[in-house]
Amino acid sequence: MEDQIEKIVNLILDSNFLVALTGAGVSAESGIPTFRGKDGLWKKYRPEDLATPDAFKRNPREVWEWYTWRMKIIQKAKPNYAHVCLAELEKKGILKAIITQNVDGLHQKAGSKNVIELHGNIWRARCTQCDYKEYLQTIPQDIPPKCKKCGSLLRPDVVWFGEPLPTEALNMAFYLSNKADLMLVVGTSLLVQPAASLPFIVLKNNNKIIEINPNETILSKKATITVRMKAAETFKIICKHIEELNNN
Ligand code: NAD
Ligand code: ZN
């Protein structure tokens, strides 16, 4: 363990272009359920049946009820050591960017600046008919909320199953993955494309991957180092180690 952390710290400090790819697991220790754990269920629905354009067409109110349930959890959540350590690494100029599949905004709350949101943000809503977008200051009470410009239904500005990713964010993610000489892959099951393909770009370029996930993924055997631990626990040790090196 101690050995592994030292290797990781050396890889991080020796890197020229460090990028992180994060998924729901990075926020799990902040109390935000992942989709695939049992805590992710709401009224016995699977997220795969709610986060879809079809579900919204059938019952926009129910989909908004699910999102406001999640917003209440996210509103109370604080960034954990993983978010905080990644923000510190950026401040030190070591970490160049975070590519995240999360919609909770916790990386930004921890102080990270260069965050590429592949799946949108739960605190934004957009019109289903016109170009109106809104940043939600509070959790909508009157649901489904309506567009202030044209009166049509607003929807959460997140990517649903079966929908394409925002082009600009996706292009940036491909660019960063190609440029990275080291990628930290944290708390993602790598079951959702195209995000799952990003670490494989790094490997194809003969660059290095550190995976942090208590469970095995399709990447685990190919990664340079795989850490079978929780994200916050791991980053607490990593950043403490880096601090100690700085103080000596
Ligand atoms: P996912 O596919 O990213 O899977 C979660 C992964 O995190 C699993 O591999 C699991 O082993 C790992 N994990 C669990 N606890 C961990 C911990 N403490 N430390 C490190 N890793 C841990 O996410 P998903 O839940 O299957 O969701 C799919 C989609 O929905 C993604 O876009 C996801 O980001 C999004 N989602 C976002 C949030 C959020 O914004 N916080 C929450 C749920 C789902
Ligand atoms: Zn509108």
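Residues numbered from 1 in each chain as written. Chains lettered and ligands numbered in written order. Predicted model: local features only at pLDDT ≥ 70, side-chain atom pairs only at ≥ 80, totals over all residues. Heavy atoms only, no water.

## A word on the coordination of the zinc ion (ligand 2)
Looking at the metal site, the zinc ion (ligand 2) is ligated by C127 (SG), C130 (SG), C147 (SG) and C150 (SG), spaced 2.3 Å from it. Note that the zinc ion (ligand 2) binds four donor atoms; their angles at the metal cover 103 to 118°, and the shape is tetrahedral. Going along the chain, you hit the donors of the zinc ion (ligand 2) in the pattern C-x2-C-x16-C-x2-C. Since its relative accessible area comes to 6%, C147 is described here as buried. Exposure remark for C150: the relative accessible area of 40% places this residue in the partly exposed category. (Donors = N, O, S within 2.8 Å, 3.2 Å for Na, K, Ca; no water. Tetrahedral: all angles 85-135°; square planar, octahedral: opposite > 155°, others 65-115°. Buried < 20%, exposed > 50% of the residue type's maximum accessible area, 1.4 Å probe, protein only.)

## Regarding the pairing of strand β4 (residues 120-127)
For β4, the buried fraction is high: six of the eight residues fall into the buried class. Pairing of β4 with strand β6 (residues 154-158) involves four bridges; the strand directions are antiparallel. If you follow R126 over to β6, its bridge partner there is R155. Where β4 and strand β5 (residues 133-135) come together, three bridges link them in antiparallel fashion. Bridge assignment links R126 to a residue of β5, and that residue is K133. (Helix = DSSP H or I, 4+ residues; strand = E, 2+ residues; numbered from the N terminus. Pairing = 2+ DSSP bridges.)

## Points about unusual backbone geometry
Backbone geometry follows two general trends: most residues other than glycine have a negative phi, and most peptide bonds adopt the trans configuration. For the peptide bond that leads from I143 to P144, omega is -5°, which places it in the cis range. By the secondary structure assignment, P144 is in the loop between β5 and β6. Following Q193, the chain continues into P194 via a peptide bond in cis, with omega recorded as 0°. You can see P194 is positioned in the loop between β7 (182-186) and α8 (198-204). Located in the positive-phi region is K44, a residue other than glycine, with phi close to 65°. Inspection of the secondary structure assignment puts K44 in the loop between β1 (18-22) and α2 (47-50). Of the residues examined, K44 reaches a relative accessible area of 81% and is grouped as exposed.

## Section: the site of ligand 1
Near ligand 1, the surroundings consist of 25 residues, among which F35, R36, D104, H119 and S189 are the closest. Contacts to ligand 1 include E29, whose side-chain N or O atom sits 2.9 Å from a nitrogen atom. With respect to ligand 1, the side chain of N215 contributes an N or O atom lying 2.8 Å from an oxygen atom. Here ligand 1, which alone exposes 830 Å², has 92% of that area covered by the protein. Here the shell around ligand 1 is composed, by residue class, of eight nonpolar, 12 polar and five charged. (Near = heavy atom within 4 Å. Polar contact = N/O pair within 3.5 Å; in protein donor to acceptor, adjacent residues only side chain to side chain. Areas by Shrake-Rupley, 256 points an atom, 1.4 Å probe, with all protein chains shown as cover. Nonpolar A, V, L, I, M, F, W, Y, C, P; charged D, E, K, R; others polar.)

## Comments concerning the state of the cysteines
The final tally for this structure, using the stated rule, is one disulfide. One disulfide bridge connects C85 with C239, the sulfur atoms lying 2.0 Å from each other. Since a negative S-S torsion denotes a left-handed disulfide, the C85-C239 link at about 80° is right-handed. Taken together, the positions of C85 in helix α5 (residues 81-91) and C239 in helix α9 (residues 231-247) put the pair 154 residues apart, joining distant regions of the chain. Taken as a pair, C85 and C239 share a single burial class, namely buried. (Disulfide = S-S within 2.5 Å.)

## A word on the packing of aromatic side chains
Each pair of aromatic rings is reported with the distance of its centres and the angle of its planes. The final tally for this structure, using the stated rule, is four aromatic pairs. Consider the rings of F35 and W66, whose centres lie 5.9 Å apart with planes at 40°: the pair is tilted. In this pair, F35 sits in the loop between β1 and α2 while W66 sits in helix α4 (residues 60-76), placing the two residues 31 residues apart along the sequence. You can call F35 partly exposed: its relative accessible area is 26%. Take W66: its relative accessible area is 1%, and that puts it in the buried class. An angle of 40° between the planes, with centres 5.3 Å apart, marks the rings of F56 and W160 as tilted. A residue pair is termed long-range when its members are at least 10 positions apart, and F56 in helix α3 (residues 53-58) and W160 in the loop between β6 and α7 (167-179) qualify at 104 residues. (Phe/Tyr/Trp six-rings, centres within 6.5 Å; stacked < 30°, edge-to-face > 60°.)

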